[in-house]
Amino acid sequence: MINFKTFRKPQLLESIILIIIVLSILGGMMIFVPNITPHIPIIITISFLLLYGLYQKVSYKDMQDSMIKSVGSSMGAIYLFFFIGILITALMMSGSIPTLMYYGLNIISEKTFYLSAFLITAVIGVSIGSSLTTVATLGVALIGIAQAFEANLAITAGAIVSGAFFGDKMSPLSDTTSISASIVEIDLFEHIKNMMRTTIPVFILSAIFYLILSRNIQINNLENIESFKQDIFSTGMVHIYALIPFVILIILAVFKVPAVISIIITTIISTIITSIHTSYNVEQLTTFFYAGFSSDNISENVASLIQRGGINSMFFTLSVVILALSLGGLLFSLGIISTILESIANSLKSKLSTTLTVALTAVGLNFTVGEQYLSILLTGKTFKPVYDKLKLHPKNLARTLEDAGTVINPLVPWSVCGVFISNALGVSVFSYLPFAFFCYGSFLITILAGFNNKSK
């Protein structure tokens, strides 16, 4: 747990006004300025807070150090993004993702497509414990299949996000699951078992939701699908053995190999497989790993899906992540979030109000800080004493942290997950948000569960 040093203690009203200003700048510009990138609203907000801090006689060096410390707290995620960019390239040039798209078109029916996307990503998400890796690999393949089916890409992305974050939430291999259990000091598997109270009902409702939406897919021309399949096959990248890297990735996750190491091993195997059916030299491979995979033998119909990846593709996401984390560091160093959290925690008296407040705090931190780990850590640390005082079992706190912290982050346009997913799938957060049913459904269900919180 990172202990942020605060350099002043603002009054509660002042802190609330500042939070409203911050959210107005971030949300207002993202909603009302067409095609704006998240960088600009975040930089404007950081500039505002820096000037406010100087006005309050907080030194620039202290504020800068807080921003650096906040970024440093999530260097693990930043490193992961670099390796995911390389992994996507490796899975493309080896034929893993093209092969998955090709065979997926033969197996998945358009009448259950959105449901299939939700269930498949949920299974893989639980298997590997990483929502972002699931989105960047299987999610990309499903977007390609959706284009062939002429399905709605926003709904498809919503189903992918829902399934991936179900896996992130329920997998014992997930960082967020482990953090939620450890911050309130309960057993990991007791935490997962307790989450089923809210997760299973939402999972079932989500499955029904996507099944109903799947019925609306109308394929007017089956020749389009055949043409799409032929375009993929004509790349010469469809080979059944190209699916081996996916199998390896899942096996490594089951054996709890760290994510970056798993990606490195999978990338090496993918590169070896690439050498079986291609003759790329070292210069070409290194170019692909940096700039993304590309080939002259790819039809325009599938080029945008296959010619992608590389470290360069992660820079947009990384720059937003660094800015968002810097913003979070400023909000803490200026005492704005600390004042609000302390005031809220001291005023809670009932089970229901506590659950509601924890959920809203986790959501609020996702919107202001934009980082799910900090949302979970700070909320858990703040409210653990409150749960002890009210004799509420800490496992209910851990569950609420996941229901309102982990799964809400992909719904925030300037958050770490939101920026990554929209960039990977080519679908904006605002577009897929209404269809990420599992994510906001989990939040609603956990509020209802607050009426029935059990004591120790």
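Residues numbered from 1 in each chain as written. Predicted model: local features only at pLDDT ≥ 70, side-chain atom pairs only at ≥ 80, totals over all residues. Heavy atoms only, no water.

1. Overview of the overall build of the protein chain
Along the backbone of the protein chain there are 23 helices and zero strands. Scaling as 2.2 N^0.38, a compact globule of 456 residues should have a C-alpha radius of gyration of about 23 Å, and the protein chain matches this with 22 Å. Across the protein chain, contacts joining residues at least 24 apart in sequence account for 80% of those joining residues at least 6 apart. In the structure as shown, the protein chain presents an accessible area of about 18200 Å², 65% of it carried by carbon and sulfur atoms. Within the protein chain, one finds 24 positive and 21 negative side-chain charges whose respective centroids are separated by 17 Å. (Helix = DSSP H or I, 4+ residues; strand = E, 2+ residues; numbered from the N terminus. Rg over C-alpha atoms; globule rule 2.2 N^0.38 Å. Contact = heavy atoms within 4.5 Å. Areas by Shrake-Rupley, 256 points an atom, 1.4 Å probe, with all protein chains shown as cover. Lys, Arg positive; Asp, Glu negative; His and termini not counted. Charge placed at Lys NZ, Arg CZ, Asp CG, Glu CD.)

2. Some details on the confidence of the model for the protein chain
Residue-level pLDDT values for the protein chain average 84, and 95% of them are 70 or greater. Helix 14 (residues 282–291) holds the highest mean pLDDT among the elements of the protein chain, 93, whereas helix 15 (residues 300–306) holds the lowest, 73. (pLDDT = per-residue confidence, 0-100.)

3. Structural notes on the side chain of His191
With respect to the helices, strands and loops of the structure, His191 is situated in helix 10 (residues 188–214). Taking relative accessible area as the criterion, His191 reaches 0% and is therefore assigned buried. Among the polar contacts made by the side chain of His191, one reaches the side chain of Glu402 at a distance of 3.0 Å. When near neighbours in sequence (up to four residues on either side) are disregarded, His191 contacts Thr177, Ser180, Ala181, Ile186, Ala398, Arg399 and Glu402. (Buried < 20%, exposed > 50% of the residue type's maximum accessible area, 1.4 Å probe, protein only. Polar contact = N/O pair within 3.5 Å; in protein donor to acceptor, adjacent residues only side chain to side chain.)

4. Re the packing of helix 6 (residues 113–128) against helix 12 (residues 244–254)
Relative orientation of the contacting elements helix 6 and helix 12 amounts to 50°, with a least axis distance of 7 Å. When the interaxial angle is binned, helix 6 and helix 12 end up oblique. Note on element contacts: helix 12 touches helix 6 through Leu249, Ile250, Ala253 and Val254, opposite Ile124, Ser127 and Ile128. The residue makeup of the contact of helix 6 with helix 12, split by class, is six nonpolar, one polar and no charged. (Axes fitted to C-alpha atoms, helices over the stretch in contact; angles between N-to-C directions. Parallel < 35°, antiparallel > 145°, perpendicular 65-115°, else oblique. Nonpolar A, V, L, I, M, F, W, Y, C, P; charged D, E, K, R; others polar.)

5. Thoughts on the pattern of salt bridges
For the structure on display, the rule yields three salt bridges. For Asp65, the salt bridge identified is with Lys61, shortest N-O distance 2.9 Å. One end of the pair, Asp65, and the other, Lys61, are both in helix 3 (residues 60–72), four residues apart, so they sit about a helical turn from each other. For Asp65, a relative accessible area of 33% gives the class partly exposed. One salt bridge connects Lys169 with Asp403, and the closest N-O pair in it is separated by 2.2 Å. (Salt bridge = Lys/Arg side-chain N within 4 Å of Asp/Glu carboxyl O.)

6. Considering helix 2 (residues 39–55)
Taking 1.5 Å as the rise per residue, helix 2 with 17 residues should run 24 Å; its terminal C-alpha atoms sit 24 Å apart, in good agreement. Of the residues making up helix 2, those classed as buried are His39, Pro41, Ile42, Thr45, Ile46, Leu49, Leu50, Tyr52 and Gly53. Buried residues belonging to helix 2 abut helix 1 (12–32), helix 3, helix 16 (315–333) and helix 17 (336–347). (Expected span 1.5 Å × (residues − 1).)

7. Thoughts on the environment of Lys193
Along the chain, Lys193 turns up in helix 10. For the pair Lys193 and Tyr55, spaced 138 residues apart in sequence, the C-alpha to C-alpha distance is 50 Å.

8. Quick word on the nonpolar core
Grouped together as the largest cluster of nonpolar side chains are 126 residues, with contacts concentrated most on Ile42, Phe113, Phe420, Ile421 and Tyr432. In terms of residue count, helix 7 (residues 131–149) provides more of this core than any other element does, twelve residues in total. Excluding anything up to four places from it in sequence, Phe113 contacts Ile108, Leu142, Ile145, Ala146, Phe149, Ala151, Thr156, Ser214 and Ile217. In terms of nonpolar packing, the next biggest core, distinct from the first, is built from 17 residues, Ile186, Ile376, Tyr387 and Leu397 among them. (Core = buried A, V, L, I, M, F, W, Y, C linked by side-chain atoms within 4.5 Å.)

9. Examining the packing of helix 8 (residues 153–170) against helix 23 (residues 437–449)
The angle between the axes and the distance between the axes are what describe a pair of packed helices. Running from N to C, helix 8 and helix 23 cross one another at 50°; their axes reach a closest spacing of 7 Å. In terms of their interaxial angle, helix 8 and helix 23 are classed as oblique. Where helix 8 abuts helix 23, its residues Val161, Ser162, Phe165, Phe166 and Lys169 lie against Phe437, Phe438, Cys439 and Ser442. Taken together, the residues of the contact of helix 8 with helix 23 sort by class into six nonpolar, two polar and one charged.

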